[in-house]
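# Understanding the architecture of this molecule
Single-letter residue listing:
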Amino acid sequence: MKRLSFVLFLVTLCGVYSASSVAQSSQFSNTVRGFVKVDAPVVALTHVRVIDGTGAPPKEDQTIVIRGGNIAAIGDAARVTVPDGATAIDLSGKSVMPGLVMVHEHTYYPTGPGVYGQLGLSFARLYLAGGVTTMRTGGNTNGVMDISLKQQIDAGTQAGPAIDATAPYLNGPQGMLQMHALTDAEDARRQVAYWAEQGATSLKVYMQITRDELKAAVEEGHKRGMKITGHLCSVTYAEAADLGIDNLEHGFMASTDFVPDKKPDVCPGQAAGQRTIAALDENGEPFKALVKTLVDKKVALTSTMTVFETFTPGRPMPPGLDVLLPQLKEQFESNYRRTAQSTTSVYTTLLPKGMALERAFARAGGVLIAGTDPTGGGGVIPGYSNQRQLELLVEEGFTPLEAIRIGTLNGATYLGRQARVGSIAAGKQADLVVVDGDPSRNIADVRKVETVFKQGIGFDPAKLIASVSGRVGLW
């Protein structure tokens, strides 16, 4: 008990109870308060299985004490005393894992041909309901929405995860109505500077950018402390790594490194790249050489198998479609039926190959992080798809504990937030997901989310989902 008292003293001394880090429901808007399930000065989660996010084996019959938005104590239920006056919640038979930290999320969704509806409010609630407590928006077609949403969530006027807000895409000419076309490297620098000043905290480059524009964006972003990721095509993975990019999206699915006679700064088409990836040997020297480059340059890869699954014949209907507007639900179901009838789809080979390549990258020492990418033809539903992404990582060959780490601590470490979130330990922020089951044994149990704690406040997933169900697509 002396050791426990000392831990509590150190936590207080370190200032983790400061006003800037404490979430109190009294600071929330009336709307956000309506989603709160647990709110007390001190909360004790007792007799719970703890999956701490580090990949370590779970610990049974634990007690977690939450005070001031942080984990004040954690340990065996027989050793950790529930403080007087605490709200005690018996979680026998249930598990607690860290809040998910996902890094390829969006606040938009495909509502029409080449048009993306801006759905920040409904998507933020769905992400939180699914257990996502921190996320990076991996691309922005609005400009200010991601930034404003981050600010409003931080202020307590909207419900949702903490957001690392990405600036609008940095891309060359491409004809998209909602995307600026860079003119040159100086334009890339101007865009980075402008959006950094507006409050963006991350950057993303896209398929038609040139190497000079990418180099300028990397330099300007790094000067401002911003990390930069990319969904590439015109620039190869190896070229981007040499230019200092921090992250590459979609595993190896967007790589054009192996396209024969690829012209510099020209996208040969995503299909051309994907055909080479589908035929790639993960044990061959060309792939191993690329992996070595990425590992040596410390370039992280984001797995987004959820979106590619929706392109692949024979895969299950994705979860969560009932939250969509009926028209959008019907639109995706039509796409799904069309996909199911395809007998020539490259994704039949590409999906399992992409999984194998991601696994080989991680086993070679690469940093694999996770996201979902709610784009494509629809069907990737925030929250639901984040849980599905963990299931797909297990299908790739990772253990459930490894998949949970990829979706929690790995993401937090990439974002530089690992000291506060991404794993469960005394002194860290109380971002926790209560699950009815044991996802360390059966990863599908991640779908059974009962409560999501964000900075010590417990949110009700059912209420968050009900507030948007059948209307996602409007706002």
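The paragraphs below set out a description of the structure included in this document. (Residues numbered from 1 in each chain as written. Predicted model: local features only at pLDDT ≥ 70, side-chain atom pairs only at ≥ 80, totals over all residues. Heavy atoms only, no water.)

Turning next to the overall build of the chain. Scanning the chain for helices and strands turns up 15 helices and 19 strands. Taken over the C-alpha trace, the chain has a radius of gyration of 22 Å; the compact-globule value for 475 residues is 23 Å, and the two agree within 12%. Once the C-alpha set of the chain is aligned to its principal axes, its extents read approximately 70 × 45 × 45 Å. Per-residue burial for the chain yields a buried fraction of 59% across its 475 residues. Pairs at least 24 residues apart make up 74% of the contacts formed inside the chain by residues separated by at least 6 positions. Accessible surface computed for the chain: about 18,000 Å², of which carbon and sulfur atoms make up 53%. Charge separation in the chain, taken as the distance between the mean sites of 45 positive and 46 negative side-chain charges, equals 3 Å. (Helix = DSSP H or I, 4+ residues; strand = E, 2+ residues; numbered from the N terminus. Rg over C-alpha atoms; globule rule 2.2 N^0.38 Å. Buried < 20%, exposed > 50% of the residue type's maximum accessible area, 1.4 Å probe, protein only. Contact = heavy atoms within 4.5 Å. Areas by Shrake-Rupley, 256 points an atom, 1.4 Å probe, with all protein chains shown as cover. Lys, Arg positive; Asp, Glu negative; His and termini not counted. Charge placed at Lys NZ, Arg CZ, Asp CG, Glu CD.)

Evaluation of the coordinates by the stated rule reveals 26 salt bridges. A salt bridge links Glu-309 to Arg-315; the shortest N-O distance between them is 3.0 Å. In terms of burial, Glu-309 and Arg-315 fall into one category: buried. By sharing partners, the salt bridges in this structure join Glu-186, Arg-189, Lys-215, Glu-219, Glu-220, Lys-223 and Arg-224 into a single network. (Salt bridge = Lys/Arg side-chain N within 4 Å of Asp/Glu carboxyl O.)

Most peptide bonds adopt trans geometry, and most residues besides glycine take a negative phi value. Positive phi, normally seen in glycine, also occurs at Asp-61, with a value near 50°. On the secondary structure map, Asp-61 appears in strand β3 (residues 59–67). Judged by its relative accessible area of 39%, Asp-61 is partly exposed.

What follows concerns the pairing of strand β12 (residues 202–205). Covered by surrounding structure in β12 are Ser-202 and Lys-204 together with Leu-203 and Val-205, the residues of both alternating faces. Here β12 runs beside strand β13 (residues 227–230); their pairing, made up of 4 bridges, is parallel. Within β13, the position partnered with Val-205 by the bridge is Gly-230. As for the winding sense of the linkage, the β-α-β connection from β12 through helix α6 (residues 211–223) to β13 is right-handed. (Pairing = 2+ DSSP bridges. Right-handed = clockwise from strand over helix to strand, strands pointing away.)

Glancing now at the sheet that holds strand β7 (residues 100–105). A sheet is described by the order of its strands in space; here 3 strands give the open sequence β7-β10-β11, paired in parallel fashion. Two strands bound the open sheet, and with one partner strand each, they are β7 and β11 (162–164). Here the strands of the sheet are splayed against their neighbours by 20° on average, with no regard to which way each runs. Where β7 lies against strand β10 (residues 132–137), 4 bridges are found, and the strand directions are parallel. Within β10, the position partnered with Val-101 by the bridge is Thr-134. Relative to β7, helix α13 (residues 384–396) is tilted by about 100°, and along the sheet it contacts β7 and β10. (Axes fitted to C-alpha atoms, helices over the stretch in contact; angles between N-to-C directions.)

Strand order in the open sheet formed by 5 strands is β12-β13-β14-β15-β16, with parallel pairing between adjacent strands. The sheet is open, and its two borders are formed by β12 and β16 (368–370), each paired with just one other strand. Sitting on the sheet, α6 touches β12 and β13, and the angle it makes with β13 is about 150°.

On to the environment of Val-32. Structurally, Val-32 is set in helix α2 (residues 30–33). Along the sequence, Val-32 and Thr-210 sit 178 residues apart, while their C-alpha atoms lie 43 Å from each other. Sequence-distant contacts of Val-32, defined by excluding residues within four places in its chain, comprise Gly-156, Thr-157, Gln-158, Ala-159 and Phe-459.

With that settled, the discussion passes to the packing of helix α8 (residues 270–278) against helix α12 (residues 347–363). At a minimum axis separation of 8 Å, α8 and α12 run at an interaxial angle of 65°. Relative to α12, the element α8 lies roughly perpendicular. Every pair of crossing elements has a handedness; the one defined by α8 and α12 is left-handed. Taken together, the residues of α12 that come into contact with α8 (itself represented by Gln-274, Ile-277 and Ala-278) are Tyr-347, Thr-349, Leu-350, Lys-353 and Leu-357. Looking at side-chain class alone, the contact of α8 with α12 contains 5 nonpolar, 2 polar and 1 charged residues. (Parallel < 35°, antiparallel > 145°, perpendicular 65-115°, else oblique. Left-handed = near helix turned anticlockwise from the far one by under 90°. Nonpolar A, V, L, I, M, F, W, Y, C, P; charged D, E, K, R; others polar.)

Attention now moves to the environment of Gly-354. As for its placement among the helices and strands, Gly-354 is situated in helix α12. Assessed through its relative accessible area of 2%, Gly-354 is described here as buried. Taking the C-alpha atoms as reference, Gly-354 lies 6.4 Å from Phe-252; in sequence the two are 102 residues apart. Sequence-distant contacts of Gly-354, defined by excluding residues within four places in its chain, comprise Met-253 and Met-305.

A few words now on the pairing of strand β15 (residues 300–303). Regular strands have side chains that alternate between both faces of the sheet. Neither face of β15 is open: one carries Ala-300 and Thr-302, the other Leu-301 and Ser-303, and all of them are buried. Sheet topology note: the strand β14 (residues 247–248)/β15 ladder contains 2 bridges and is parallel. Note on β15: the bridge partner recorded for Asn-247 is Ala-300. Taken together, the 3 bridges between β15 and β16 define a ladder with parallel strand orientation. When the bridges of β16 are listed, Ser-303 appears paired with Ala-370.

Residues of helix α4 (residues 145–155) that are buried: Met-145, Asp-146, Ile-147, Leu-149, Lys-150 and Ile-153. In the core, the buried residues of α4 are packed alongside β9 (115–118), α3 (120–129), β10, β11, α5 (185–198) and β18 (449–454). Just downstream of α4 lies Gly-156, where phi reads positive at about 85°.

Let us now look at the nonpolar core. Ranked by internal contacts, the top residues of the largest apolar core, which has 99 residues, are Met-97, Leu-214, Leu-248, Phe-252, Leu-294 and Phe-459. Each residue touching Phe-459, except ones within four places of it in the same chain, is listed here: Phe-28, Val-32, Phe-35, Val-36, Lys-37, Leu-128, Glu-450, Thr-451, Val-452, Lys-454 and Leu-464. In terms of nonpolar packing, the next biggest core, distinct from the first, is built from 16 residues, Ala-40, Leu-45, Ile-71 and Phe-453 among them. (Core = buried A, V, L, I, M, F, W, Y, C linked by side-chain atoms within 4.5 Å.)

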